[in-house]
Amino acid sequence: MGIVRAVCISERKGERKRVVDSITLREDYGVEEDAHGGSGRQVSLLAVESVDVMRPRMPELAAGDFAENILVEGLPLTRCAVGDRLTAGPDILLEITQIGKTCHSKCNIHKTVGFCIMPTEGVFARVLRGGVLRAGDAIDVTAG
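Just so we're clear, the structure is a prediction, and the values are computed from it rather than from any experiment.

(A) Structural view of the overall build of the protein. A count of helices and strands for the protein gives 3 helices and 11 strands. Ordered by position from N to C terminus, the α and β elements of the protein give β-β-β-β-β-α-β-β-β-α-α-β-β-β. Expressed as a percentage of its 144 residues, the buried residues of the protein come to 44%. By sequence separation, contacts in the protein at least 24 residues apart represent 70% of the contacts at least 6 residues apart. When the accessible surface of the protein is summed, it comes to about 7200 Å², and 47% of that surface belongs to carbon and sulfur atoms.

(B) Representation of the packing of aromatic side chains in the model. On inspection of all chains with the given rule, the structure shows 0 aromatic pairs. Sitting above the plane of the Phe 124 ring, Arg 41 keeps its charged end 5.1 Å from the centroid.

(C) Summary view of the pairing of strand E7 (residues 85-88). By the alternation rule, side chains of E7 split into Leu 86 and Ala 88, which are all buried, and Arg 85 and Thr 87, of which none is buried. Alignment of E7 against strand E8 (residues 92-99), held across 4 bridges, turns out to be antiparallel. When the sheet's bridge partners are listed, Arg 85 is paired in E8 with Glu 95. Between the antiparallel neighbours E7 and E8 lie 3 residues, among them Gly 89 with a positive phi of about 60 degrees. The pairing of E7 with strand E11 (residues 138-142) spans 4 bridges and is antiparallel. Within E11, the position partnered with Thr 87 by the bridge is Asp 140.

(D) Spatial organisation of the pairing of strand E5 (residues 43-47). Counted residue by residue, E5 has 5 buried out of 5 residues, so it is predominantly covered. Pairing of E5 with strand E9 (residues 123-129), which is carried by 3 bridges, proceeds in the antiparallel orientation. Paired with Val 43 across the bridge in E9 is Ala 125. In terms of handedness, the path from E5 via helix H1 (residues 48-54) over to strand E6 (residues 70-73) forms a crossover that is right-handed.

(E) Molecular detail of the nonpolar core. Residues Ile 23, Leu 25, Leu 45, Ile 70, Leu 94 and Leu 133 are the most contacted members of the largest nonpolar core, which totals 25 residues. When residues of this core are traced back to their parent elements, those giving at least two are strand E1 (2-9), strand E3 (22-26), E5, E6, E7, E8 and E9. Sequence-distant contacts of Ile 23, defined by excluding residues within four places in its chain, comprise Val 7, Cys 8, Ile 9, Val 31, Asn 69, Ile 70, Gly 131, Val 132 and Leu 133. Counting 11 residues, the second largest nonpolar core, distinct from the first, contains Ala 6, Val 51, Met 58 and Leu 71.

(F) Structural view of the pattern of salt bridges. What the rule picks out here adds up to 8 salt bridges. One salt bridge connects Glu 73 with Arg 5, and the closest N-O pair in it is separated by 2.5 Å. In this pair, Glu 73 sits in strand E6 while Arg 5 sits in strand E1, placing the two residues 68 residues apart along the sequence. Among the charged side chains, a network of salt bridges with common partners joins Asp 28, Arg 85, Glu 95 and Arg 126.

(G) The sheet that holds strand E4 (residues 30-31), seen in detail. Pairing is antiparallel across the open sheet formed by 3 strands, whose spatial order is E4-E3-E10. Two strands lie at the open edges of the sheet, namely E4 and strand E10 (131-134), each paired on one side alone. Relative to E10, E3 is paired through 4 bridges, and the arrangement is antiparallel. Across the sheet, Thr 24 pairs through a bridge with Val 132, a residue of E10.

Rules used in this analysis
- Residues numbered from 1 in each chain as written.
- Predicted model: local features only at pLDDT ≥ 70, side-chain atom pairs only at ≥ 80, totals over all residues.
- Heavy atoms only, no water.
- Helix = DSSP H or I, 4+ residues; strand = E, 2+ residues; numbered from the N terminus.
- Buried < 20%, exposed > 50% of the residue type's maximum accessible area, 1.4 Å probe, protein only.
- Contact = heavy atoms within 4.5 Å.
- Areas by Shrake-Rupley, 256 points an atom, 1.4 Å probe, with all protein chains shown as cover.
- Phe/Tyr/Trp six-rings, centres within 6.5 Å; stacked < 30°, edge-to-face > 60°.
- Lys NZ or Arg CZ within 6 Å of the ring centre and 35° of its normal.
- Pairing = 2+ DSSP bridges.
- Right-handed = clockwise from strand over helix to strand, strands pointing away.
- Core = buried A, V, L, I, M, F, W, Y, C linked by side-chain atoms within 4.5 Å.
- Salt bridge = Lys/Arg side-chain N within 4 Å of Asp/Glu carboxyl O.

As structure tokens, this is what we get:
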């Protein structure tokens, strides 16, 4: 079982997300008030442990810098498979739809460091059952 360390949103695609107190996830939509809501990649997740790989070269990295909606700790997201389900907070159920993504242009992190973790370690999911999620909430994987 992991812990949600931060929840983030952005108003426009292609920009870092800002940390907020809570996010509302809506079934078959994604995160309300987020630029990716309603898209094919409804919710993005990233592990703190993945971000930590980048910290020696960019110690100032903060939650949302990789445009993730949910930053988690203690959950091996890189071991998940498409179709796996995640339970989060008291009510939320997510289904993993994609692992990694194709970056069509190099982000600022890639330009600075020479690589980025989102193409291999970013996880995307759709919302099967919505609810409100906050930092400190539990998150866990169940088989798909």
